[in-house]
Amino acid sequence: MDYALYSRQLILAGFGVEGQRALGEGSCVVVGAGGLGCPALTYLGLSGVGRLTVIDEDVVEVSNLARQSLHDRASVGTPKAVSAKAALGRLAPGVEVRAVVEAVTAANALELLSGHTLIVDCSDNPATRYLLSDAAVVLGVPLVSGAGQQYEGQLAVYNYNGGPCLRCVFPRPPAPQFAPSCADVGILGPVVGTIGTLQALEAVKIIANLAPADAHPHMLLFSALALPPFRSIKLRNRKPDCIAHAATSLDIANTDYIQLCGGPRPDWESLGTQVRDPTHRIPARTLAQNLPGATILDVRPPTEFGICRIEGSINIPLPSLLASPREVLDRALAGSRDRALAGSRNRALDSLSDTATPTTSSSSDSTTPTTTSTSTTTPTTSTPTPHRIYLVCRLGNDSQVAADALREAANADAVRVAAPADAPPASASTSSNVDASTSADADAPTTSAADNAATSTSTANADDPTSTSINAGVPLVSVNTDAPAAATIAEAPAAATIAEAPTTIAEAPTTNAEAPTTNAEAPTTNAEAPTTNAEAPTTIAEAPTTNAGPPGDAPDAQLGAKMAAATGAVSSPATGVVSSPVTGAPPLEIRDLIGGLEIRDLIGGLRAWAREVDPAFPVY
Ligand SMILES: [Zn+2]
């Protein structure tokens, strides 16, 4: 034993030589060498845990380096497990480290995980979390589980001293669309640094026999922006009917954990590039050509809009747009008409002066389009200038939802015009459009808005302790565009409230396990899953930002002001279209006949823009 190296912890009361020896004889298998795994591995190694197995199939990327402290620029492209092993070799050369560059699967889990004192779960997806929990039960070892996302983190030790496993506490995993990754919704490095370090602490406590044996299992919740940032809730006891503990029914090798968790996480990037109806979507290059005179609505959260944007675009976060699509449409049309008129004047002047040199300054000021692009045939005085509204988002998913909402608003408007004044709404036309838009986005998050609406609504019950587990679904994912995250968290029940009602998750299954409205029952199963409020670990229930967020946090007045400020448009209650006598035409064509209306969204989002149009455009 290296007494000099470990002298500061050797002298700790209750630790001593025995504790250090126990650590040296102990071993941990750490699944995940990312934001949680790096700090966990660091302190496990430095403390003198004798043997560490690092399992991770991913390679180091630049975007990892802001938080994953064992990797550096030189290790970009290297498997994380290999990079972590190399770093630990420098930090803790006395520790035996094994790097495993593969995913933990149902087929290999027991083989990879066996032979260790405990399992440290630093993974980032529900399927792996449930697999590790089951394996911990089968192997009879504790599972130290950590999760982190955005500003939130959580920590729990499962299957320890007769305590519950993950399934006991959260029998049902969250649906994949409600388990976003950190790539989807973001993460602050010190948040996972905190949780990963605490995982190492729990592991050291268990191995060195420092953990009080009679302690009731708890889940620690961390909210970086809240005061106090740490809270704790009691977990329910081991569930008598938990299938994981019924040894005869648990067959890990033949369990499909991906299916158990509702299938793979949606590939938003792929979904965002699919073209279902070409009249609904626009490629980046075509959008670049059509920019002058068009209205570009960017439906990302303001924070992302602040990172980069197409010049001249207007930020209408998706929840705001979904809250009042009709108003957004009308104001966009008003702005579009103004620009179209300006464009017509400019084109007339251009033709008079015979300047036939179209510039391609796609990002020109929207009020002064200087180009006669190839896609815009020179309008005659009798040809109405089309209103072109293009929606953009990060990957091309949210913009589809937004475009559908605007199209629906346009159709409803048109139907109202087309129908006789005393006739009921032309529901057939409307429903056909709704059906079309819904089916067109069958895989896209059109339904999540409704799902999230329930979640969002529940935030009104923040003071109702019986509903707090659902409150956790409070949209952290910057869907509340006007309220700072801190405000959201500040509205969460105080620690005192939690202390008085510590059993929300554990002993109040009606608010968790059985609650059908959210996936609240599975917080830790989420990627590096967060929990917002103490008793409500449901960050899971939120949609990723690439998805349709909950509608409607921005008051309409603010939205209107934003639109007016951005477009310079004056408030216009309705477009001229509404008063048109045209009847009988398919709804959307009514506007087309009058002034034209083109609502499309950018295929592949701003990622595609960066790829195809502007290589200097920031990619994030
Ligand atoms: Zn269990």
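Heads up: the structure comes first, above all this text.
Anyway, here's the lowdown on the structure attached to this text. (Residues numbered from 1 in each chain as written. Predicted model: local features only at pLDDT ≥ 70, side-chain atom pairs only at ≥ 80, totals over all residues. Heavy atoms only, no water.)

### Looking at the sheet that holds strand E7 (residues 218-223)
Rule in force here: Pairing between strands requires that DSSP locate at least two bridges from one strand to the other. Going along the chain from the N terminus, every DSSP run of H or I of four or more residues is numbered as a helix, and every run of E of two or more is numbered as a strand. Note on method: axes are straight lines fitted to C-alpha atoms, helices fitted across the in-contact stretch only, with angles between N-to-C directions ranging 0 to 180 degrees. Two residues qualify as a contact provided that any one of their heavy atoms is within 4.5 Å of a heavy atom in the partner residue.
With respect to topology, eight strands assemble into an open sheet ordered E3-E2-E1-E4-E5-E6-E7-E8, the strand pairing being mixed. Across the chains shown, the open sheet's two edge strands, defined by having one partner strand only, are strand E3 (96-100) and strand E8 (230-234). Going from strand to strand, the sheet's axes swing by 15° on average, the running direction of each strand aside. Of the strands in this sheet, strand E2 (51-55) and E3 touch helix H4 (residues 80-91), which is tilted by about 165° from E3. Lying over the sheet, helix H9 (residues 189-207) contacts strand E1 (27-31), strand E4 (118-121), strand E5 (143-149), strand E6 (152-158), E7 and E8, oriented at roughly 15° with respect to E6.

### Here we look at the pairing of E7
Here five bridges tie E6 to E7, and the two strands are oriented antiparallel to one another. Residue pairing across strands places glycine 153 opposite phenylalanine 222, the latter belonging to E7. Of the pairings in the sheet, the one linking E7 to E8 comprises five bridges and is antiparallel in character. Opposite leucine 220, over in E8, you have serine 232 as the bridge partner. Counted between consecutive antiparallel strands, the loop separating E7 from E8 contains six residues.

### Re the pairing of strand E13 (residues 597-602)
Basically, it comes down to this: Exposure classes here rest on a 1.4 Å probe applied to the protein chains alone. A residue is buried below 20% of its type maximum, exposed above 50%, and partly exposed in between.
E13 sits mainly inside the fold: six of its six residues count as buried. As paired elements, strand E9 (residues 281-282) and E13 share two bridges and run parallel to each other. Directly across from isoleucine 282, in E13, lies its bridge partner leucine 602. The pairing of strand E12 (residues 387-392) with E13 spans five bridges and is parallel.

### Topic: H9
Quick reminder: α-helices carry 3.6 residues per turn. Residues three or four places apart thus point the same way. Put simply, the rule is: For a helix, the expected span equals 1.5 Å multiplied by the residue count minus one.
Taking 1.5 Å as the rise per residue, H9 with 19 residues should run 27 Å; its terminal C-alpha atoms sit 27 Å apart, in good agreement. Just downstream of H9 lies asparagine 209, where phi reads positive at about 60°.

### Quick word on the side chain of serine 75
Mapped onto the elements of the fold, serine 75 is located in the loop between E2 and H4. For serine 75, a relative accessible area of 7% gives the class buried. Among all residues touching serine 75, those that are not within four sequence positions of it are Val60 and Ser83.

### A few points about the coordination of the zinc ion
Applicable threshold: Water is absent from the atoms considered, so a metal site may look incomplete; donors are defined as N, O and S atoms within 2.8 Å of the metal, or 3.2 Å for Na, K and Ca.
Coordination of the zinc ion by the protein comes from Cys165 (SG), Cys168 (SG), Cys242 (SG) and His245 (NE2), over a distance range of 2.1 to 2.4 Å. Between the donor residues of the zinc ion, the gaps in sequence give the motif C-x2-C-x73-C-x2-H. Placement of cysteine 165 in the loop between E6 and helix H7 (166-169) and of cysteine 242 in the loop between E8 and helix H10 (257-260) is noted, with a sequence separation of 77 residues between them. Here the two residues cysteine 165 and cysteine 242 agree in accessibility, since each one is buried.

### Description of the packing of aromatic side chains
Formally: Note on aromatic contacts: the rings of Phe and Tyr and the six-membered ring of Trp form a pair at centre separations within 6.5 Å, being stacked when their planes are under 30 degrees apart, edge-to-face when over 60 apart, and tilted otherwise. Criterion for a charge above a ring: Arg CZ or Lys NZ at most 6 Å from the ring centre, at most 35 degrees from the ring normal.
If you walk through the whole model with that rule in mind, you get one aromatic pair. Sitting over the ring of phenylalanine 305, arginine 309 keeps its end group 4.6 Å from the ring centre.

### What about helix H3 (residues 37-47)?
Within H3, nine of the eleven residues are buried, leaving the element largely enclosed by the surrounding structure. Positive phi shows up at glycine 48, right after H3, with a value of about 100°.

### Re the pattern of salt bridges
We count it as follows: Each reported salt bridge corresponds to a side-chain nitrogen of Lys or Arg within 4 Å of a carboxyl oxygen of Asp or Glu.
For the coordinates displayed, the defined rule picks out eleven salt bridges. Between lysine 239 and aspartate 241 there is a salt bridge whose closest N-O contact spans 4.0 Å. Classification of lysine 239 by relative accessible area gives partly exposed; the value is 23%. We note a salt bridge from arginine 300 to aspartate 298, for which the minimum N-O separation is 2.7 Å. Arginine 300 gets classed as buried once you look at its relative accessible area, which sits at 2%. You can call aspartate 298 buried: its relative accessible area is 0%.

### A closer look at the packing of H3 against H9
Worth spelling out the cut-off: It is the rotation of the near helix from the far one that decides the hand of a crossing: anticlockwise by less than a right angle makes it left-handed, clockwise makes it right-handed. Gly falls in the polar group here, along with every residue not listed as nonpolar (Ala, Val, Leu, Ile, Met, Phe, Trp, Tyr, Cys, Pro) or charged (Asp, Glu, Lys, Arg).
At a closest axis distance of 7 Å, the pairing of H3 and H9 adopts a crossing angle of 35°. Between H3 and H9 the crossing geometry is right-handed. Taking contact as the criterion, the partners of Pro39, Ala40, Tyr43, Leu44 and Ser47 in H3 are, on H9, Val192, Gly193, Gly196, Thr197, Ala200, Ala203 and Val204. Residues that form the contact of H3 with H9 fall into these classes: eight nonpolar, four polar and no charged.

### Quick notes on the sheet that holds strand E11 (residues 314-315)
One open sheet accounts for five strands, arranged E9-E13-E12-E10-E11; its pairing is parallel. The open sheet has two edge strands with one neighbour each: E9 and E11.

### Re unusual backbone geometry
Proline 228 follows leucine 227 through a cis peptide bond whose omega is -5°. Position of proline 228 relative to the elements: it lies in the loop between E7 and E8. A positive phi angle, near 55°, is found at glutamine 150, a position not held by glycine. With respect to the secondary-structure elements, glutamine 150 resides in the loop between E5 and E6. Since its relative accessible area comes to 8%, glutamine 150 is described here as buried. Look at asparagine 209: it is not a glycine, yet its phi comes out positive at around 60°. Overall, the relative accessible area of 64% leaves asparagine 209 in the exposed class.

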